[in-house]
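Chain by chain, the residues:
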Amino acid sequence: MEDIAFLKWLGTFAAVGLIWACGRRFYRLRHIPTVGGPSLPILSYLGVIRLMHDARNMLHEGYNKHYGSLFKVAFPNQWFVVVTGDKLIDELRRLPDDVALFKDAIKDLLELDTTIGPAFHADPYHIDVIRTQLTRGIGNAFPSLYNEIEDAFEELLPVYANQWTVVDDMLQKLQRITARVSNRAFVGMPICRNNTYLDLVIQHTMDIAWTRKRMILIPRFLKPLAAMFFSRALNDINQGHELLLPVLVERRNKFDNQEKDPASGPSDYLDCLMEAALLRGKGLESVTQMIFATNFAAIHTSSNSMMYFLYDVAAHPDCIPSLREEIQEVVRDQGWTKDAVGKLLKLDSFMRESQRFNGTSAISVMRKSVKGVTFSNGQYVPPGVVMVVPAREIHFDSRVYDNPDVFDPLRFYTMRANGVNEQFANTSTSYVAFGLGKHACPGRFFASCELKAMAAHLLLHYDWKFETGKDRPENRWFAVSVMPDTDVELLFKKREW
Ligand code: HEM
């Protein structure tokens, strides 16, 4: 009897707690209009259900109705406040870290403590190393990156000059090629070609999603224990650490010896990560964690972009001759270097247009308010609320782009010729594919060089087209995520140039 009474009390307590939490969330944001469903506690889950399959229309509706102000949409467990209009987006961009943070926004969304580890969120020191060493070192690293591009395509895309070959798993191939090329810069040879390691870094993104889905249901105090047993994402990192350990030990020894010889500084991404870790008194496990976090940010974003590029080229074959002509001229003159890739202005424009058209998410510039934020139009966002920018709506806004629904490969080339700085990696309030402001993607200059080198290599060495009778497939959407549809096959042929 006592047990039943206790359970009744517990049930009542939990129900009151839930209603209080939902009510508080509703009350705090009641002045910001809701789009896509009811605002009321519990009922707002109808908006979550709609968001899962109709996010594009919900955001479109909100953008058109509330342009120049804020609106909110329901996400599982929280509201997202959507910031629109150049002026307010620029205000969001300028918010300092003690007012709004990117890492806090993704901490809850990705369950970072149980997917990458609690120490990661406290000090994600890889970001500075990407921004400084990785970016500055692209020129020196380029010969090895291009060597990896040549080798990886040769091995993973075995097609012939005189016949079309069907390639039905191109996205998986691109994931592996991108992982190999990126890891040539992140961890070097030979580990960048170790298939077990590559499987782990590619799978890690899916395992973060798998782990997150389960951990979200577990009470906070039980999460550390549950993570020890059920976190596939942490398991990837542990397995990866065993593979990386010999390399890490070698690098640490090198660093110890360098300490005695200050003339020899760190030389690549891994050296710099090691230095940053050791200066913070962190162990080698922390370096592995940062390597996995770098791969998580880099591989699927980059391979999806390459897949969109392949589709967009196949859908606009009339652009191919002028793209090839530009690449041939530059490469014949200068060879394969970072500076040569920087001169491929038409290719740069094509890639930026492809990114504008597709993108990896319908939202960008995610920031969680640490303190309350009052925007210049008077709307107030209380602490603890995630704010986002509607990337797709901006990229398809006719106030921003002429004929935004038309894929114009030379759109940014022409803008650049007219003095507007619209390069692939540039960010602005009208182009947010790489985010905006202090927390804009630090890997975008690396990604821009790597992806353009891969694209130029593909254009010179291969022809490709859709299988007969098929057009470019529409992208797939899940909630706000955008992915290439992989049901359509591509046919490839080798070419001489
Ligand atoms: C086409 C490829 C890529 C796309 C579309 C992309 C996109 C993004 C976006 C939208 C953000 C959030 C920015 C914001 O909220 O303002 C971001 C953050 C980030 N990206 Fe990328 N990214 C790409 C490639 C890469 C690569 C290759 C790396 C690493 C070498 C990387 C590392 C990161 C990191 C570490 C962050 C977090 C930054 C922070 O917390 O301050 N990304 N990326």
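Residues numbered from 1 in each chain as written. Predicted model: local features only at pLDDT ≥ 70, side-chain atom pairs only at ≥ 80, totals over all residues. Heavy atoms only, no water.

Filter applied, for reference: UniProt positions are given in the numbering used here, feature names are shortened, and annotations may be inferred rather than shown by experiment.
By the naming in an unreviewed UniProt entry, the chain is Cytochrome P450, taken from Cerrena zonata. UniProt, in its Cofactor (unreviewed entry) section for the chain, records the words "heme".

1. Overview of the site of the ligand
Going by this rule: Think of it this way: one heavy atom of a residue within 4 Å of a molecule or strand is enough to make that residue near it. Two N or O atoms form a polar contact when they lie within 3.5 Å of each other; inside protein one atom must be a possible hydrogen donor and the other a possible acceptor, and for residues adjacent in sequence the pair counts only when both atoms belong to side chains. Only DSSP runs of H or I covering at least 4 residues are called helices, and only runs of E covering at least 2 are called strands; the numbering of each starts at the N terminus. Note that Gly is not counted as nonpolar here; it falls among the polar residues with everything else outside the nonpolar set of Ala, Val, Leu, Ile, Met, Phe, Trp, Tyr, Cys and Pro and the charged set of Asp, Glu, Lys and Arg.
Around the ligand lies a shell of 27 residues, among which F102, R367, L436, H439 and C441 are the nearest. A distance of 2.9 Å separates an oxygen atom of the ligand from a polar atom in the side chain of R367. At a separation of 2.8 Å, an oxygen atom of the ligand approaches a polar side-chain atom of H439. Those elements giving two or more residues to the shell around the ligand turn out to be α7 (126-136), α14 (284-315) and β5 (364-369). Residues that form the shell around the ligand fall into these classes: 16 nonpolar, 10 polar and one charged.

2. Things to note about α14
Cut-off, in case you're wondering: What a helix is expected to span follows from its residue count: subtract one and scale by 1.5 Å. Bend is computed residue by residue as the angle between axes fitted to the seven residues ending at the residue and the seven residues starting at it. Throughout this description, buried means an accessible area under 20% of the type-specific maximum (1.4 Å probe, protein chains only), exposed means over 50%, and partly exposed covers the range between.
The terminal C-alpha atoms of α14, which comprises 32 residues, lie 47 Å apart, in line with the 46 Å expected from a rise of 1.5 Å per residue. Along α14, the largest kink reaches about 25° and is centred on N295. The buried fraction of α14 amounts to 27 of the 32 residues, a majority that puts the element mostly inside the structure.

3. Notes on the pattern of salt bridges
Going by this rule: Throughout this description, the term salt bridge denotes a Lys or Arg side-chain nitrogen within 4 Å of a carboxyl oxygen of Asp or Glu.
Tallied over the entire structure, the rule returns 33 salt bridges. Across the pair K87 and E91 runs a salt bridge, and its minimum N-O distance is 3.6 Å. In this pair, K87 and E91 both sit in helix α3 (residues 86-94), four residues apart, roughly one turn of the helix. Residue K87 is classed as exposed on the basis of its relative accessible area, which comes to 58%. For the salt bridge of D199 with R176, the shortest nitrogen-to-oxygen distance reads 2.1 Å. Taken together, the residues span a long stretch of sequence, with D199 in helix α10 (residues 195-215) and R176 in helix α9 (residues 170-186) at a distance of 23 residues. Taking the relative accessible area as the measure of exposure, R176 reaches 17% and is therefore buried. Salt bridges here are not isolated pairs; linked through shared partners, they connect E148, D151, E155, R180, R184 and R193.

4. Examining the packing of α9 against helix α20 (residues 444-461)
To keep it simple, the criterion reads: Angular values range over 0 to 180 degrees, each being the angle between N-to-C directions of two axes fitted as lines to C-alpha atoms, with helices fitted over their stretch in contact. When an angle is under 35 degrees it counts as roughly parallel; over 145 it counts as roughly antiparallel; between 65 and 115 it counts as roughly perpendicular; any other value is oblique. The hand of a helix crossing depends on one turn: near helix anticlockwise from the far one by less than a right angle means left-handed, and clockwise means right-handed. Between two residues, a contact is recorded if the distance between any of their heavy atoms is within 4.5 Å.
With their axes 12 Å apart at the nearest point, α9 and α20 run at an angle of 130° to one another. In terms of axis orientation, α9 runs oblique to α20. The way α9 lies across α20 gives a crossing that is right-handed. Residues I177, T178, V181, S182, A185 and F186 of α9 pack against F446, E450 and M454 of α20. Classifying every residue of the contact of α9 with α20 gives six nonpolar, two polar and one charged.

5. Considering the sheet that holds strand β1 (residues 70-75)
Defined as follows: Note on pairing: DSSP must find at least two bridges between two strands before they are called paired.
Strand order in the open sheet formed by five strands is β1-β2-β8-β5-β3, and the pairing between neighbours is mixed. Sheet topology places β1 and β3 (100-101) at the edges, where each strand pairs with a single neighbour. One ladder, built from three bridges, connects β5 with strand β8 (residues 386-389); its direction is antiparallel. Note on β8: the bridge partner recorded for K368 is V386.

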